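Structure at a glance
Here's the letter readout for the chains.
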Amino acid sequence: MTHLTPPFTDEHEELRESIRGFIDRELAPHAQQWEDECRFPDEVFPKLAAQGLLGLKYPTELGGQGGDYLHEAVMCEEMARIGSGGTAAGIGAHINIATPPIWKFGSDEQLQRYLAPAIRGESIGALGITEPGAGSDVAGLRTSAERVDGGWVVNGEKTYITNGVRAHFIVTAVKTTREGGHHGISFLIVDRTEGVSSAKLDKLGWHASDTATIAFEDVFVPEENLLGELHEGFKLIMANFQWERLAMALGAVGAMRLAWERTAEFARERSAFGRPLSGHQVIRHRLADLAASAYSAQCVTYDALRRFVAGEDPLREVTMAKLLTQRASFELMDACLQIHGGAGYMREVWVERAARDARLGPIGGGSDEIMREILGRVLGL
Ligand SMILES: Cc1cc2nc3c(=O)[nH]c(=O)nc-3n(C[C@H](O)[C@H](O)[C@H](O)COP(=O)(O)OP(=O)(O)OC[C@H]3O[C@@H](n4cnc5c(N)ncnc54)[C@H](O)[C@@H]3O)c2cc1C
């Protein structure tokens, strides 16, 4: 299963090798421990920054690598090799959802104050949109920001926020009109100051990631922390959705490729009834189907990626890539677990975790049902 496929060039493949080396050396050996302890390792941020991996797509003036979305795409694919979806999620939330809105909508002062330290690995970001009463239906969010002298006072609650306990700053969606809705939501960059409190949540997978509720109680946010235009926060949400969903699709492509390779190797080595598992036609055919599934996930995702980097607005292709890859990844992981037999159910074997971690894909970043709703509209249904 080769991945040297357009849009990637030799330069991207060199980057891939270097990211793999770093992950294999510095991150993967600790993944089991971080997962067992249900602890996100903050120390990875400065390490990633030292390799330039927190700023691949960001400009050099801000400390980034001056690359583009294709460089970031390589990183998204390779993070599966950490072997901890939770660690990848914490890193991914920082580089793919919390910092991009600041890059695109931030003032020069906000870029210096928030994005540059985030690229240096000195501060950790989170994106706070979801609330207990508003997930898919973002327009229904209730967290409010009331105008006061010199800024706003924020009250409300967010939930399921990745990096929610440790984030130094939260790019937060708030209602800035009484009605809220499409022209009444804004974004504020909220520092972890007085009135901000978080509580960690336990969950099925992504054990190393910090998923939390965040409460805002009379939190003063200064004027200069408004991100983008007042009341036009929806534009900001929409602006990064395509990349967020592509990043998730790329993550699934990397995870599926790796899981297939490992499971095929296992099936060649493990024997039952006098021959390797892969010598049994049922298993061989299952692996053939899984290779086809992984490859088709890659094709659909790379097509969306090519269009995205060419400057098209590939809503249809990105939505299809997100929808197809997330469910396909979960199904592939479950099949790989089955091929591992009892070992697949054991904590110490990678596939047990990979299968749990993959379950989030069809829910997060816009659920399968929401992807189908978008496609229904795009397809004129
Ligand atoms: C581990 C984890 C990490 C997360 N990280 C973040 C984060 O960092 N920042 C953040 O803001 N959010 C985050 N989320 C939230 C995530 O984006 C939401 O959970 C997701 O958008 C779904 O929203 P919900 O949970 O409120 O479900 P709901 O919107 O209540 O949906 C419940 C069910 O109904 C379905 N449904 C909803 N509307 C329709 C419809 N119109 N037609 C048909 N079916 C529908 C949904 O698909 C789902 O199956 C995270 C979630 C998890 C689990």
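The structure displayed is predicted, hence computed values, not measured ones. (Residues numbered from 1 in each chain as written. Predicted model: local features only at pLDDT ≥ 70, side-chain atom pairs only at ≥ 80, totals over all residues. Heavy atoms only, no water.)

On a plain count of helices and strands, the chain comes out with twelve helices and ten strands. Computed over the C-alpha atoms, the radius of gyration of the chain is 21 Å, within 12% of the 21 Å expected from 2.2 N^0.38 for a compact globule of 381 residues. Each principal axis of the C-alpha atoms in the chain carries an extent, and together these give about 80 × 50 × 40 Å. Counting all 381 residues of the chain, 55% fall into the buried class. In the chain, once contacts between residues fewer than 6 apart in sequence are set aside, the share between residues at least 24 apart is 73%. Total accessible area computed for the chain in this model is approximately 16600 Å², and 53% of it derives from carbon and sulfur atoms. Looking at the chain, you have 39 positive and 53 negative side-chain charges, and the mean spots of the two groups are 6 Å apart. (Helix = DSSP H or I, 4+ residues; strand = E, 2+ residues; numbered from the N terminus. Rg over C-alpha atoms; globule rule 2.2 N^0.38 Å. Buried < 20%, exposed > 50% of the residue type's maximum accessible area, 1.4 Å probe, protein only. Contact = heavy atoms within 4.5 Å. Areas by Shrake-Rupley, 256 points an atom, 1.4 Å probe, with all protein chains shown as cover. Lys, Arg positive; Asp, Glu negative; His and termini not counted. Charge placed at Lys NZ, Arg CZ, Asp CG, Glu CD.)

For the rest of this paragraph, the subject is a negative patch on the surface. A grouping of Asp10, Glu11, Glu14 and Asp68 is seen on the molecular surface, where their side chains present a negatively charged patch. For Glu11, the location among the structural elements is in helix H1 (residues 10-27). (Patch = residues over 30% accessible without salt bridge, like charges linked within 9 Å, V, L, I, M, F, W, Y side chains within 5 Å. Salt bridge = Lys/Arg side-chain N within 4 Å of Asp/Glu carboxyl O.)

Our focus in this paragraph is a nonpolar patch on the surface. Together, Leu315, Val378, Leu379 and Leu381 line one region of the surface with nonpolar side chains, adding up to about 380 Å² of accessible area. Tracing the backbone shows Leu381 in the segment after helix H12 (368-378).

Neighbouring the ligand are 16 residues; Thr130, Ser136, Tyr160, Ser367 and Glu369 lie closest to it. Ile129 has a polar backbone atom sitting 2.9 Å from an oxygen atom of the ligand. Calculation on the ligand without its partners gives an accessible area of 970 Å², and the protein chains cover 62% of this total. Counting residues per element, the ones that place at least two in the shell around the ligand are strand E3 (151-162) and H12. For the shell around the ligand, a count of residues per class yields nine nonpolar, six polar and one charged. (Near = heavy atom within 4 Å. Polar contact = N/O pair within 3.5 Å; in protein donor to acceptor, adjacent residues only side chain to side chain. Nonpolar A, V, L, I, M, F, W, Y, C, P; charged D, E, K, R; others polar.)

These results come straight from atomic positions and should not be treated as a statement about function.
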